[in-house]
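# Overview (structure and organization)
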Amino acid sequence: MQNLRYGFRFISLSFKMAIEHESLQKPWMLLSVGSLGLLLFWFVPMALVLGLIGLTSLGLFFIGLISVLLLISLTIWAEITALGTCQIFNSVAVDPEEPTEVLTEVHEQPKGLSNRWDQIVILVLLQPALKIQSWLVQILSKKPTDNLDWLSSSGLMLPIIAIEEADLSGGVARIRQIIADRLLRFRPEFIRVNLIARVAQWVMVVLGVVAGILAGLTLSDPQTASAGRLILGSGVGMLIALIFVVAGLSFSTFIRACYHAALLIWVKNTEKARRTGDTKFAAPPTIIGQVLGVVSSGKEDN
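What comes next concerns the included structure. (Residues numbered from 1 in each chain as written. Predicted model: local features only at pLDDT ≥ 70, side-chain atom pairs only at ≥ 80, totals over all residues. Heavy atoms only, no water.)

## Considering the packing of helix α1 (residues 2-20) against helix α9 (residues 227-276)
The N-to-C vectors of α1 and α9 enclose an angle of 95 degrees; their axes lie 10 Å apart at closest approach. In terms of orientation, α1 and α9 fall into the roughly perpendicular class. Note on element contacts: α9 touches α1 through Phe 251, Phe 254, Ile 255, Cys 258, Tyr 259 and Ala 262, opposite Phe 10, Ile 11, Ser 14, Phe 15 and Ala 18. The residue inventory of the contact of α1 with α9, partitioned by class, reads 10 nonpolar, one polar and no charged. (Axes fitted to C-alpha atoms, helices over the stretch in contact; angles between N-to-C directions. Helix = DSSP H or I, 4+ residues; strand = E, 2+ residues; numbered from the N terminus. Parallel < 35°, antiparallel > 145°, perpendicular 65-115°, else oblique. Contact = heavy atoms within 4.5 Å. Nonpolar A, V, L, I, M, F, W, Y, C, P; charged D, E, K, R; others polar.)

Here it is in structure tokens:
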């Protein structure tokens, strides 16, 4: 339970930072605008299916396929915009009382996203398969899976790509180095941010799907409605579903990006301490310190 309390405390502090630093809200706006564009993009084939094929078995297959592709594209876009969250968090989360050397190393201006979006697409598409493979190997094999050990800290991949400008292979090597050198005091799952974020995300996705279907059925009876009415109902249903889904993705990606960016900042602080031999550099970011109770909650997050 304490791990969950840590998670909720981190979430509360993260949103407090977003209120104090409006730049952290920019990825939310980018996610919302891009999601509307994706909705319009996938609504076109949806309308064509309803108008030309209708609610036949083949039509229902294509409707389900388009819906799944819309959800996948929204998830990918949310992770891409989370690159910006990592970069902005990296530039605002530094304690102004930190030593000058730490501020110089960590406090950087956000960089562009365009040169790394392809890495996120590959990561989002491959990660589920890699995790399933890892689970199967753990169940079926008695030998440790050294080649997949980085998955236990795979959340660090996003800030590593965003802040350190690594590609996927470089990110995997970086995570393995972090694990091998024991640069973190605890595993990322110690503070249950990922669990809370994922549960909230999928609850909102399910609610969105249900609300969208109900809205579509209310506007257009599948048995009597014309093709135009079916298209109208599907459009309204997709829009309502989008609102719930984007809300869940916004919450999930923002929280996870902030958390893992904070952990990476801590890693970089620890590396600085080891290089210099000065333990004053090894302190966690203020937000992590507040979550763990080693820094007073009355201290400013920025």
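## Quick notes on the layout of surface pockets
The space that makes up the largest pocket amounts to roughly 890 Å³. Lining the largest pocket are 31 residues; nearest its centre among them are Gln 127, Pro 128, Lys 131, Arg 198 and Arg 256. Elements with a minimum of two residues in the lining of the largest pocket: α3 (57-92), α5 (117-140), α6 (157-164), α8 (193-219) and α9. Its residues assigned to classes, the lining of the largest pocket shows 16 nonpolar, nine polar and six charged. Estimated volume of the second largest pocket: approximately 740 Å³. Looking at the second largest pocket, it is lined by 27 residues, and the ones nearest its centre are Met 46, Ile 63, Ser 67, Ile 213 and Met 238. Looking at the lining of the second largest pocket, the elements that each hand over two or more residues are α2 (26-52), α3, α8 and α9. Partitioning the lining of the second largest pocket into residue classes produces 20 nonpolar, seven polar and no charged. (1 Å grid on protein atoms, 1.4 Å probe; cavity = no way out; pocket = protein on both sides within 12 Å on 5 of 7 lines; lining within 4 Å. Points joined across faces, edges and corners; volume = space filled by probe spheres on them.)

## Focus on the environment of Leu 125
Within the element layout of this structure, Leu 125 appears in helix α5. What Leu 125 contacts, discounting residues up to four positions off in sequence, is Ile 72 and Ile 76.

## Section: the side chain of Glu 271
For Glu 271, the position within the fold is in helix α9. On the basis of relative accessible area, Glu 271 is assigned to the buried category, the value being 15%. (Buried < 20%, exposed > 50% of the residue type's maximum accessible area, 1.4 Å probe, protein only.)

## Considerations on the packing of aromatic side chains
All chains considered together, the criterion is met by 10 aromatic pairs. Between Phe 61 and Phe 62, the aromatic rings sit 5.5 Å apart at their centres with planes inclined by 70 degrees, giving edge-to-face as the arrangement. Residue classification places Phe 62 among the partly exposed positions, given a relative accessible area of 29%. Arranged with centres 5.6 Å apart and planes meeting at 65 degrees, the rings of Phe 186 and Trp 266 form a pair that is edge-to-face. One end of the pair, Phe 186, is in the loop between α7 (168-180) and α8; the other, Trp 266, is in helix α9, and 80 residues separate them in sequence. Residues Phe 186 and Trp 266 agree in their burial class; the two are buried. Of the aromatic side chains, those joined through ring pairs into one cluster are Tyr 6, Phe 186, Phe 190 and Trp 266. Taking NZ or CZ as reference, Lys 272 lies 5.8 Å from the ring centre of Phe 281, over its face. (Phe/Tyr/Trp six-rings, centres within 6.5 Å; stacked < 30°, edge-to-face > 60°. Lys NZ or Arg CZ within 6 Å of the ring centre and 35° of its normal.)

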